[in-house]
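Each chain, letter by letter, is given below.
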Amino acid sequence: MYDRRVDLRSDTVTKPTPEMRRAMYEAEVGDDVYREDPTVNRLEEVGAARLGKEAGLFVTSGTQGNLIAILTHTQPGQEVILEQESHIYYYEVAGSALIGGVQLRPLQGKDGALDPAEVEASIRPDNIHYPDTGLIVLENTHNRAGGTIIPGENIEAIARIAARHNLPLHLDGARIFNAAIALGKPVVELARPFTSVMFCLSKGLGAPVGSLLVGPRDWIEKARKWRKRLGGGMRQAGILAAAGLVALEKMVDRLAEDHENARRLAEGLGNLPGLSVVPPQTNMVLVDVSATGFSAPTFVARLAQYGVLAVDMSPSKVRFVTHKDVDREDIEYALRAVEKLIKGD
Ligand SMILES: *Cc1c(COP(=O)(O)O)cnc(C)c1O
């Protein structure tokens, strides 16, 4: 048996810190549907200001935040342009089609980034046969591409296209703080080109629950009504928001450690035979394991026998995600486990 459990499946597995638990215990609360929860109100204000937007909305999850954003930006029958490996297209259970009645128009990206010319060519001209384009969505960092950072010039180019066509631009910024820390840039700068941004408190930032949707004040008021309609009007949610405030105030700068651990993991894996590793930009390491003779699912299952957990992203690719609940020793342990697995002992 193994002597450690190193969970590198996702940064969603992070547990709240003692400081978060204390803040939750002590949180001042009220009925947030009446807008009377001071802690939720503060989180929404602080979160919006942090991203440089007018207003914020505390939502139950990133998936709910993205769905509310699409519902608020579009009308049924419209089309939404996004990347074909994006979280919204890949992992959000077709919610926007089912509930929003929109059609998703996936475009192939490169390392998660869309080609601006292709985005522009995909905006529907006026024609009786066509749906109207209602929204463009980008994802930064890009999850399935391996936590990649979308280049600023690429975002600016797409934002200019959106503006020219009078289209809103939404950012699935679940891990926008990872991008900001990796670039050494204020998150405001990364959020500026977007009409609205969703980001997660519950991933690398370590809060137990919740995401924030931020954008223009009148737009957020419409989003608030969609949240209620979807059953996301929570009552004494300050208990959760309190942890979110600690996440925003205390947990952002330390993401650099996760990036450092990802680099160390990638370097160690790259030295092992049969593994082809993409150098990580943030906290994710994608590894092609096909030359080891194992399929990705088998690799993941065998590795779990050593107590090291990862996920298979395709038949040949395995993903490792670093986060606050794995330290350098855990990374070294994971590397020894992978080495044993490959060498067959
Ligand atoms: C995790 C994630 C989401 C969804 O967040 P949940 O809180 O898990 O619903 C959305 N977009 C991206 C890019 C993500 O990685």
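See above for the structure.
A few points on the structure.

About the cut-offs
Residues numbered from 1 in each chain as written. Predicted model: local features only at pLDDT ≥ 70, side-chain atom pairs only at ≥ 80, totals over all residues. Heavy atoms only, no water. Salt bridge = Lys/Arg side-chain N within 4 Å of Asp/Glu carboxyl O. Helix = DSSP H or I, 4+ residues; strand = E, 2+ residues; numbered from the N terminus. Buried < 20%, exposed > 50% of the residue type's maximum accessible area, 1.4 Å probe, protein only. Pairing = 2+ DSSP bridges. Axes fitted to C-alpha atoms, helices over the stretch in contact; angles between N-to-C directions. Contact = heavy atoms within 4.5 Å. Phe/Tyr/Trp six-rings, centres within 6.5 Å; stacked < 30°, edge-to-face > 60°. Lys NZ or Arg CZ within 6 Å of the ring centre and 35° of its normal. Core = buried A, V, L, I, M, F, W, Y, C linked by side-chain atoms within 4.5 Å.

1. Quick notes on the pattern of salt bridges
Going through the model one piece at a time under the given rule, you end up with 24 salt bridges. A salt bridge links R4 to D330; the nearest nitrogen and oxygen atoms lie 2.5 Å apart. Of the two residues, R4 is situated in the segment before strand 1 (6-7) and D330 in helix 14 (residues 328-343); the sequence distance between them amounts to 326 residues. Among the residues examined, R4 registers a relative accessible area of 26% and is labelled partly exposed. Put simply, E44 and R224 hold a salt bridge, and the shortest N to O gap is 3.2 Å. Of this pair, E44 sits in helix 2 (residues 38-51) while R224 sits in helix 10 (residues 217-229), and the two are 180 residues apart along the sequence. The same class applies to E44 and to R224, which are both buried. Salt bridges sharing partners connect three or more residues here, namely R35, E44, E221 and R224.

2. Let's talk about the sheet that holds strand 6 (residues 169-172)
Within the open sheet, the seven strands sit side by side as 2-8-7-6-5-3-4. Their pairing is mixed. The open sheet has two edge strands, strand 2 (55-59) and strand 4 (103-107), and neither has a second partner. Going across the sheet, the axis of each strand differs from the next one's by a mean of 20 degrees, ignoring polarity. The pairing of strand 2 with strand 8 (residues 211-215) spans five bridges and is classified as antiparallel. Paired with L57 across the two strands is L213, which belongs to strand 8. Relative to the sheet, helix 2 contacts strand 2, strand 7 (196-200) and strand 8, its axis offset from that of strand 2 by approximately 125 degrees.

3. Concerning unusual backbone geometry
Residue T141 follows N140 across a cis peptide bond; omega there is -5 degrees. Along the chain, T141 turns up in the loop between strand 5 (133-139) and helix 7 (152-164). Of note in the backbone geometry, V93 takes a positive phi value of approximately 55 degrees without being a glycine. Looking at the element boundaries, V93 is found in the loop between helix 4 (87-91) and helix 5 (95-98). For V93, a relative accessible area of 75% gives the class exposed. One non-glycine residue, D111, lies in the positive phi region at around 50 degrees.

4. Observations regarding the packing of aromatic side chains
For the structure shown, the criterion picks out three aromatic pairs. Ring centres of F294 and F299 lie 6.4 Å apart, and the angle between their planes is 70 degrees; on these two criteria the pair is classed as edge-to-face. For the pair formed by F294 and F299, the shared burial category is buried. Over the ring of Y90 we find R144; its NZ or CZ atom is 3.8 Å from the centre of that ring. Here the basic side chain of R229 rests over the ring of W226, its NZ or CZ set 4.4 Å away from the ring centre.

5. A word on the pairing of strand 3 (residues 79-83)
Summarising burial for strand 3: five of the five residues are buried, a large majority. Neither face of strand 3 is exposed, since E79, I81 and E83 on one face and V80 and L82 on the opposite face are all buried. The pairing of strand 3 with strand 4 spans five bridges and is classified as parallel. For L82, the partnering residue across the bridge sits in strand 4 and is P106. Relative to strand 5, strand 3 runs parallel, the two sharing three bridges.

6. Some remarks on the nonpolar core
L51, F58, I136, L138, F177, F199 and L201 are the most contacted members of the largest nonpolar core, which has 55 residues in total. Take this core: its biggest share by element is eight residues, from helix 11 (residues 238-250). Among residues more than four places away in sequence, those in contact with L138 are L114, I155, I158, L169, H170, L171, D172 and F194. In terms of nonpolar packing, the next biggest core, distinct from the first, is built from 29 residues, A262, L265, L275 and Y306 among them.

The analysis is restricted to geometry; functional conclusions fall outside its scope.
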